[in-house]
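Summary of structural features
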Amino acid sequence: MPNATPDPSARRRRARCAVAGLLLAPLLASCALLGDDDEPAGPGSSYTPPPDVVAGLERALGARARAVAGADRRAFERGLGRDAGLRREQLTWFANLRQLPVAELRYTFDPADLVRDGDDYWVVVEEHLRLDGYDAVPVVRPDRFRFRARPNRPERLVLTSVTDEAWERENDVRPQPWDLGPVEVRSGAGVLGVFDAASLPASGTLLRSVERGIDEVSAVVPYDWSRTVVLYALSDPAFLGTIDDVPGGDPDELDGVAFPVAAAPGEEELAATRFALHPRMLDKPGAARDRLVRHELTHVVLGPRDDTVPVWLSEGIAEYVSVSPLPPAVRVVPAAAVAAAEAGFDEMPADGTFNGDASDEHYALAWWACEYLARSYDETVLWTLLDEMGAPGADPDRLLRDRLGLRPGDLAEKAGRLIVTTFGERPPAPPTPIPTPSEMPPLTPVPSPSQTDGAGETPAPSAGR
């Protein structure tokens with residue numbers, strides 16, 4: 001699905017200190033964090049931190065990453081302050097991360113972002129997290145941490161907060177499910193499922209649906225891909241609201257959505273494309289949910305290829321692929337789409353209104369536009385149009401006309417006729433003609449010669465078998 005991509009040049013590109021979990025950079029030696037002449041700045045003030053403070057932050061962040069990588073809960077706890085709420089939330093996060101296939105976890109920060117606030121230090125950190133087998137590159141996500149020196153060991157810093165709501169809103173921080181509360185992670189062949197306690201009972205059938213979908217979509221879509229995907233299937237729809245640029249603007253209206261995961265804020269490079277299901281789909285196993293899974297997997301396979309093509313082509317291909325394993329007799333479109341087709345389509349849906357009030361009609365029209373193209377030419381025309389319409393500077397309407405001699409209105413009309421032919425009401429069959437008798441038959445049957453014996457008597461019927 002199309003997603004707005006911020007200008008990469010807007011991202012700050014400054015030298016950063018790096019501390020790693022699985023591949024660790026050497027840490028600076030540290031003495032005391034505050035010297036006698038080190039006057040603290042006022043709350044919220046930026047200042048130039050002494051090297052010992054920078055080294056202490058490197059040490060604390062490095063120890064945090066190493067504890068996660070080594071499944072060392074005690075070491076992780078030693079890096080936390082005494083606040084009970086913070087410790088509870090952070091140990092939940094640690095348990096969540098230990099369920100994920102973490103290939104890389106490290107932190108970077110810019111010393112210029114360090115803020116002294118009394119005995120505390122606020123610092124903007126960037127978490128680099130890569131899921132083994134699912135992310136092409138680490139996903140970089142900014143956050144703001146607060147640290148404080150241990151009273152008895154001032155060279156050691158402990159984490160006292162990972163929450164600054166005002167800063168997070170201002171910087172559009174979008175947490176992952178494992179940042180928001182307890183999750184349950186289950187995996188299958190090529191699928192990593194993120195559930196919670198309430199959605200976990202649906203995990204088995206859902207993972208099998210995605211496994212089948214990976215094979216079925218790969219059999220139709222000709223592009224190479226990893227054949228792996230991360231699925232979010234949570235009982236709370238809150239996470240859907242954190243996804244940027246959802247179709248139609250209302251995440252609660254979506255049964256499922258595929259979304260790109262940028263390598264870093266403001267960068268075009270993708271680490272992965274993942275997909276999420278609305279909680280109402282968790283209890284609907286069967287053909288309808290399998291079809292939705294194939295639809296979203298198609299978007300995962302296409303990745304950025306469909307970002308700039310018309311929405312009707314992107315969604316039409318996803319629908320076309322989603323029904324490909326189904327027998328024609330069980331492929332359906334909503335009654336409203338059939339009625340709209342019978343009234344006549346004269347244009348393809350516009351991008352801005354595709355997921356509006358008439359979305360049922362738009363999805364059906366987009367699907368059957370692709371059906372018409374595949375039947376009139378062959379299936380390869382869909383991938384040719386996708387590649388050419390997605391090229392920089394492409395004019396989709398002109399390409400459609402030059403390639404196939406069709407205007408968008410022509411395609412809409414032909415697709416609508418195909419919908420009516422396939423799903424419209426059939427005319428009633430003509431009644432079977434009833435011959436008009438020439439005369440009233442006798443009330444008492446007259447036996448034929450074969451029904452009488454030689455004396456002209458009608459034989460008694462034999463007993464039934």
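No experiment lies behind these values; they were computed from the predicted model shown.

Taken in spatial order, the five strands line up as 8-9-10-12-11 in an open sheet, and their pairing is mixed. Each end of this open sheet is capped by a strand with a single partner; those strands are strand 8 (184-188) and strand 11 (256-262). Pairwise comparison of adjacent strand axes, ignoring direction, gives a mean angle of 25 degrees for this sheet. When strand 11 meets strand 12 (residues 270-277), the two strands line up antiparallel, connected through seven bridges. Residue pairing for strand 12: V261 is matched across the bridge by A272. The strands touched by helix 6 (residues 203-218) are strand 8, strand 9 (191-195), strand 10 (229-232) and strand 12; relative to strand 9, the strand with the most contacts, the crossing angle is about 150 degrees.

Within this structure, the stated rule accounts for 22 salt bridges. Where R141 meets D179, a salt bridge forms, and the shortest distance between an N and an O atom there is 3.3 Å. With a gap of 38 residues between them, R141 in strand 6 (residues 139-149) and D179 in helix 5 (residues 177-180) connect regions that are remote in the sequence. The salt bridge partner of R212 is D290, with a shortest N-O separation of 3.3 Å. With R212 in helix 6 and D290 in helix 7 (residues 287-302), this residue pair connects regions lying 78 residues apart in the sequence. Given the relative accessible area of 40%, R212 is considered partly exposed. According to the relative accessible area criterion, D290 is buried, its value standing at 17%. By sharing partners, the salt bridges in this structure join R73, E77 and R87 into a single network.

A few words on the packing of aromatic side chains. Between two aromatic rings, the relevant description is the distance of the centres plus the angle of the planes. For the coordinates displayed, the defined rule picks out twelve aromatic pairs. Between Y223 and W383, the ring centres sit 5.9 Å apart and the planes meet at 85 degrees, which makes this aromatic pair edge-to-face. Of the two residues, Y223 is situated in the loop between helix 6 and strand 10 and W383 in helix 11 (residues 380-389); the sequence distance between them amounts to 160 residues. Here Y223 falls in the buried class, since its relative accessible area comes to 13%. Taken together through their ring pairs, the aromatic side chains of W178, Y232, F239 and F259 make up a single cluster.

What counts, and where the lines are drawn
- Residues numbered from 1 in each chain as written.
- Predicted model: local features only at pLDDT ≥ 70, side-chain atom pairs only at ≥ 80, totals over all residues.
- Heavy atoms only, no water.
- Pairing = 2+ DSSP bridges.
- Helix = DSSP H or I, 4+ residues; strand = E, 2+ residues; numbered from the N terminus.
- Axes fitted to C-alpha atoms, helices over the stretch in contact; angles between N-to-C directions.
- Contact = heavy atoms within 4.5 Å.
- Salt bridge = Lys/Arg side-chain N within 4 Å of Asp/Glu carboxyl O.
- Buried < 20%, exposed > 50% of the residue type's maximum accessible area, 1.4 Å probe, protein only.
- Phe/Tyr/Trp six-rings, centres within 6.5 Å; stacked < 30°, edge-to-face > 60°.

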